[in-house]
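# Notes for the structure review
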Amino acid sequence: TELSQIRNFSIVAHIDHGKSTLADRLIQLTGTVAEREMKAQLLDSMDIERERGITIKANTVRIDYPAKDGKTYVLNLIDTPGHVDFGYEVSRSMRAVEGSLLVVDATQGVEAQTLANVYQAIDADHEIVPVLNKIDLPAAEPDQVKAQIEDVIGIDASEAIPISAKTGLGIPEVLEAIVHKLPAPKGDRTAPLKAMLVDSWYDSYLGVVVMIRVMDGVIRKGDRIKMMQTGAVYGIDKLSVLKPKMVDIAELGPGEIGVFTASIKQVRDTRVGDTITHEKRGTDKALPGFKPAQPVVFCGLFPVDANDFEALRDAIEKLALNDASFSYEMETSAALGFGFRCGFLGLLHLEVIRDRLEREYDLDLITTAPSVVFHLHMKDGEVRDLHNPADMPDLTYIDHIEEPRIKATIMVPDDYLGDVLKLCQDRRGIQMDLTYAGSRAMVVYDLPLAEVVFDFYDRLKSVTKGYASFDYQISEYREDTLVKMSILVNDEPVDALSIMVHRDRAESRGRMMCEKLKDLIPRHMFKIPIQAAIGGRVIARETIAALRKDVTAKCYGGDATRKRKLLDKQKAGKKKMRQFGKVEIPQSAFISALKMD
Ligand code: GTP
């Protein structure tokens, strides 16, 4: 295809502002998919994504659009992930296209992720076409939202297109704007092949499918290609474009986007952002700025039933085939037995993986408290990464500890601002900025990631009744007085409950955890002390009183079936319990004990 007749773009939006609905409309209007094949949300293919209403894996579609100028254009839409955890993938896929549609819900206005995502588009030098969605709703305020886009984002919104992705209103104008406002890609057909690896996924029939954007040169079926980061060489088996079904194509030239398969074994062998060239006479200049995505949040995943360990291993290996940014290694915990220490790009990523393990693979799991990666500066000068509080070495070997800090942007209606400030303050936040856009406040906080990974987002939603939007990025590692707090149940340390905490907060956190555990752990035949300790020093304590009578005692003299029933019931209850020495702790306690409410 002629470069001048190609337009490559993505859609940036806050969650729920209508990105998927608009994508569906664009595809539908251009007849890329027959009406009856149209599913409600074509691009969000995974169930879990649909349920949660978020787009996780970047998808793409090629649309043939006969424009009003009489020419037919090839429009390539890349559907980028909508959440901050996938920020690195978003920023890479943005570099594969020249423009973005900025979708803002005209009833809601600019939200935290609108900002985060549009800044990534601006960073990638995109031409941006603002689109005001949901104008079919009576609550839509297109003029206010236009002004807000100009004030808050600082781009010209005078020609923003009012649309309803639901009814189809304004969609033809959007297609014309894509053709006339977004630039055509550039590239040199005669130069050595240079293509960007935009995304990859595992398909159970085809194996690993790799999505690319060709910058220079031409790629053909049968070509021998090389991944410049990994050095691996493959032969192209199948070359296709997505419409959105795979349609085979003989070659892809500059500016084009498509997919190939090449007998690649696992997604891990394909790095988003890598440069692909020919094995022979390839380019020697890779695309700039490659960096692998790094897990920042770690937690332990253990089977409730130790017999499920192999099943958990299989499930994790399968998921990892399709998700290179998720890391895992085997872990043994004195408290929980065999399991895995897993690393994630962020909290949402963690939740998605855990949900899939539980639902798709039918596993009952204990998730330990999410922890961030601390940098331990040892007295001998070595710097160690601490992924698990249980591995914390003796303090006498440590010079100082650094923790990751984030820059968090929160947008919230005025009325709830006070509660948001208090929440951030409680989590050791430092306020950096506070501005207003209409009746909404935008606050920027410098916060420790460790205080955010657990239940910050839930708390934020609850104190603002769901009206706040939140976005963050890691800013730096900074020193602070952090200690490891252990929890002892019946005088035995329970490693899965240890946490890293700020020294000044240790007493109150310790008291809170002991109180919670007192309620969460059922009474036993003996009295159970629960203690929080730093090193050898106990900083908080509670005691669970002993249970007086055997549960079957009240059946004394009763019939045997009743007694058996009672025992069976007890046994069923036990499935969700783990034995620690002489004490049984319910599975739910590991997470509930850490909640700060
Ligand atoms: P994520 O995939 O979570 O990022 O959300 P999204 O931005 O893709 O939003 P989606 O397209 O799923 O739309 C969110 C909700 O808004 C859905 O319930 C849509 O039906 C609804 N919606 C989208 N566009 C319109 C519109 O123009 N008018 C009205 N009334 N509702 C709309």
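Since we're looking at a predicted model, the values are computed, not measured.

### Quick word on the overall build of the protein chain
The helix and strand inventory of the protein chain stands at 14 helices and 34 strands. Burial statistics for the protein chain: of 597 residues in total, 54% are counted as buried. Relative to all contacts within the protein chain whose residues are 6 or more apart in sequence, the contacts with residues 24 or more apart total 69%. Accessible surface for the protein chain amounts to roughly 26800 Å². Of this, 48% is attributable to carbon and sulfur atoms.

### Topic: the environment of glycine 429
Within the secondary structure layout, glycine 429 lies in the loop between helix H9 (417–426) and strand S25 (430–437). The sequence separation of glycine 429 and threonine 367 amounts to 62 residues, and the corresponding C-alpha distance is 26 Å. Ignoring anything within four residues of it in the chain, the contact list for glycine 429 reads Cys424, Tyr445, Asp446 and Leu447.

### So, the pairing of strand S4 (residues 99–105)
In terms of burial, S4 is a largely internal element, seven of the seven residues being buried. Judged by which residues are buried, S4 turns out to be covered on both faces: Gly99, Leu101, Val103 and Asp105 on one side and Ser100, Leu102 and Val104 on the other are all buried. Both strand S1 (residues 6–13) and S4 contribute to a ladder of five bridges, which runs parallel. If you follow valine 12 over to S4, its bridge partner there is leucine 102. In this sheet, strand S5 (residues 127–133) lies alongside S4 in parallel orientation, the contact comprising seven bridges. The residue of S5 that forms the bridge with leucine 101 is valine 129. Regarding the hand of the β-α-β motif, the stretch spanning S4, helix H4 (residues 112–123) and S5 is right-handed.

### As for the pairing of strand S10 (residues 224–227)
Burial along S10 is one-sided: the residues Ile225 and Met227 are buried and none of Arg224 and Lys226 is. Counting the residues between successive antiparallel strands, the hairpin from S10 to strand S11 (residues 233–235) contains five residues, one of them, glycine 231, with a positive phi of roughly 80 degrees. As paired strands, S10 and strand S16 (residues 275–278) are joined by three bridges and run antiparallel to one another. By the bridge assignment, isoleucine 225 is partnered in S16 with histidine 278.

### Focus on the packing of helix H7 (residues 309–321) against helix H8 (residues 347–360)
When two helices pack together, their arrangement is captured by the angle between the axes and the distance separating the axes. One can describe the packing of H7 onto H8 by two numbers: an axis separation of 11 Å at closest approach and a directional angle of 130 degrees. With respect to H8, the element H7 is oriented oblique. Between H7 and H8 the crossing geometry is right-handed. Every residue of H8 that contacts H7 at Leu312, Ala315, Ile316 and Leu319 is listed here: Ile353, Arg356 and Leu357.

### Let's talk about the packing of aromatic side chains
Across all of its chains, the model carries nine aromatic pairs by this definition. Aromatic side chains phenylalanine 309 and phenylalanine 338 sit 5.9 Å apart centroid to centroid with 50 degrees between the ring planes, which places their arrangement in the tilted category. Taken together, the residues span a long stretch of sequence, with phenylalanine 309 in helix H7 and phenylalanine 338 in strand S19 (residues 337–344) at a distance of 29 residues. Judged by its relative accessible area of 10%, phenylalanine 309 falls in the buried class. Judged by relative accessible area, phenylalanine 338 falls into the partly exposed class, the value being 49%. Where phenylalanine 470 meets tyrosine 472, the ring centres are 5.7 Å apart and the plane angle is 35 degrees; that geometry is what we call tilted.

### Looking at the side chain of glutamine 531
By secondary structure assignment, the location of glutamine 531 is in strand S31 (residues 528–534). Leaving out residues up to four positions away in the same chain, glutamine 531 has contacts with Ser486, Ile487, Leu488, Asp491, Cys514, Val538, Ala540 and Arg541.

### Quick notes on the pattern of salt bridges
For the structure on display, the rule yields 24 salt bridges. In this structure, a network of salt bridges that share partners links the residues Glu403, Arg405, Arg428, Asp446, Glu451, Glu476, Arg478 and Asp480.

### Overview of the confidence of the model for the protein chain
The share of residues in the protein chain with pLDDT of 70 or more is 87%, and the mean pLDDT across the chain is 85. Per-residue pLDDT stays below 50 along residues 40–45; that stretch engages in 23 contacts with residues further than four places along the chain or on separate chains. Residue range residues 47–58 is modelled with pLDDT below 50. Its contacts to residues more than four positions away, or to other chains, number 45 contacts. Confidence estimates for the predicted assembly give a pTM of 0.72 and an ipTM of 0.97.

### Some words on the UniProt feature "binding site: GTP" (unreviewed entry) in the protein chain
In the numbering adopted here, UniProt assigns the feature "binding site: GTP" (unreviewed entry) to Asp16, His17, Gly18, Lys19, Ser20, Thr21, Asn133, Lys134, Ile135 and Asp136. Along the chain, glycine 18 falls in the loop between S1 and helix H1 (19–29). With respect to the helices, strands and loops of the structure, aspartate 136 is situated in the loop between S5 and helix H5 (142–153). Given the relative accessible area of 34%, aspartate 136 is considered partly exposed. Apart from the residues within four sequence positions on either side, aspartate 136 is in contact with Ser164, Lys166 and Thr167.

### A closer look at the packing of H9 against helix H11 (residues 456–463)
Interhelical geometry of H9 versus H11 gives an angle of 160 degrees and a closest axis separation of 9 Å. Taken together, H9 and H11 sit at an angle that is classed as roughly antiparallel. The crossing of H9 and H11 is right-handed. On the side of H9, the interface is formed by Asp419, Val420, Leu423 and Cys424, while H11 contributes Phe456, Arg459, Leu460 and Val463. For the contact of H9 with H11, a count of residues per class yields six nonpolar, no polar and two charged.

### Overview of the sheet that holds strand S12 (residues 238–242)
Working definition: the strands of a sheet are paired by backbone hydrogen bonds and lie parallel or antiparallel to each other. On the basis of which strands lie adjacent, the open sheet formed by eight strands has the order S11-S10-S16-S7-S8-S15-S12-S13 and antiparallel pairing. Among the strands making up the open sheet, the edge pair consists of S11 and strand S13 (246–248). Recorded for the sheet is a direction-independent mean angle of 40 degrees between the axes of neighbouring strands. Bridging between S12 and strand S15 (residues 257–261) involves three bridges; their strand directions are antiparallel. Residue pairing in the sheet places leucine 239 in a bridge with phenylalanine 260 of S15.

### Some thoughts on the nonpolar core
Leu357, Ile410 and Phe456 are the most contacted members of the largest nonpolar core, which has 51 residues in total. Core analysis: the second largest hydrophobic core is formed by 33 residues, Phe302, Ala540, Val583 and Ile585 among them.

### Thoughts on the state of the cysteines
Within this structure, the stated rule accounts for zero disulfides. The closest cysteine sulfur to the non-disulfide-bonded cysteine 299 is located on cysteine 342, 6.2 Å from its own sulfur.

Quick notes on the rules
- Chains are numbered independently. Their residues run from 1 in the order of the written sequence.
- Totals for whole chains, interfaces and linings use every residue, but because this is a predicted model, local features are given only for residues with pLDDT of at least 70 and side-chain atom pairs only at 80 or more, for both listing and counting.
- The basis for the side-chain values is all heavy atoms of the structure; hydrogens and waters are excluded.
- Strands here mean DSSP runs of E at least two residues long; helices mean DSSP runs of H or I at least four residues long; both are numbered from the N terminus.
- Three exposure classes are used, based on accessible area relative to the maximum for each residue type with a 1.4 Å probe and protein chains only: buried under 20%, partly exposed in between, and exposed over 50%.
- In what follows, a contact means two residues having at least one pair of non-hydrogen atoms within 4.5 Å.
- Exposure was quantified through the Shrake-Rupley algorithm and a 1.4 Å probe, taking into account, for residues, occlusion by the shown protein chains and nothing else.
- Note on pairing: two strands pair once DSSP finds at least 2 bridges between them.
- Viewed with both strands pointing away, a crossover whose connecting path from the first strand over the helix to the second turns clockwise is right-handed.
- Angular values range over 0 to 180 degrees, each being the angle between N-to-C directions of two axes fitted as lines to C-alpha atoms, with helices fitted over their stretch in contact.
- An angle counts as roughly parallel when it lies under 35 degrees, as roughly antiparallel when it exceeds 145, as roughly perpendicular when it falls between 65 and 115, and as oblique in every other case.
- Each crossing is labelled by how the near helix is turned from the far one, with a counterclockwise turn of less than a right angle marking it left-handed and a clockwise turn marking it right-handed.
- In summary, the pairing rule links any two rings of Phe, Tyr or Trp, Trp by its six-membered ring, whose centres are within 6.5 Å, and it sorts them by plane angle into stacked for under 30 degrees, edge-to-face for over 60 and tilted for everything else.
- A side-chain nitrogen of Lys or Arg and a carboxyl oxygen of Asp or Glu constitute a salt bridge if their distance falls within 4 Å.
- Within a predicted model, pLDDT stands for the predictor's per-residue confidence, ranging from 0 to 100.
- UniProt positions are given in the numbering used here, feature names are shortened, and annotations may be inferred rather than shown by experiment.
- Here the term charged refers only to Asp, Glu, Lys and Arg, the term nonpolar to Ala, Val, Leu, Ile, Met, Phe, Trp, Tyr, Cys and Pro, and the term polar to all other amino acids, Gly among them.
- Among buried residues, those of type Ala, Val, Leu, Ile, Met, Phe, Trp, Tyr and Cys that are joined through side-chain atoms within 4.5 Å constitute a nonpolar core.
- When the sulfur atoms of two cysteines come within 2.5 Å, that pair is taken as a disulfide.

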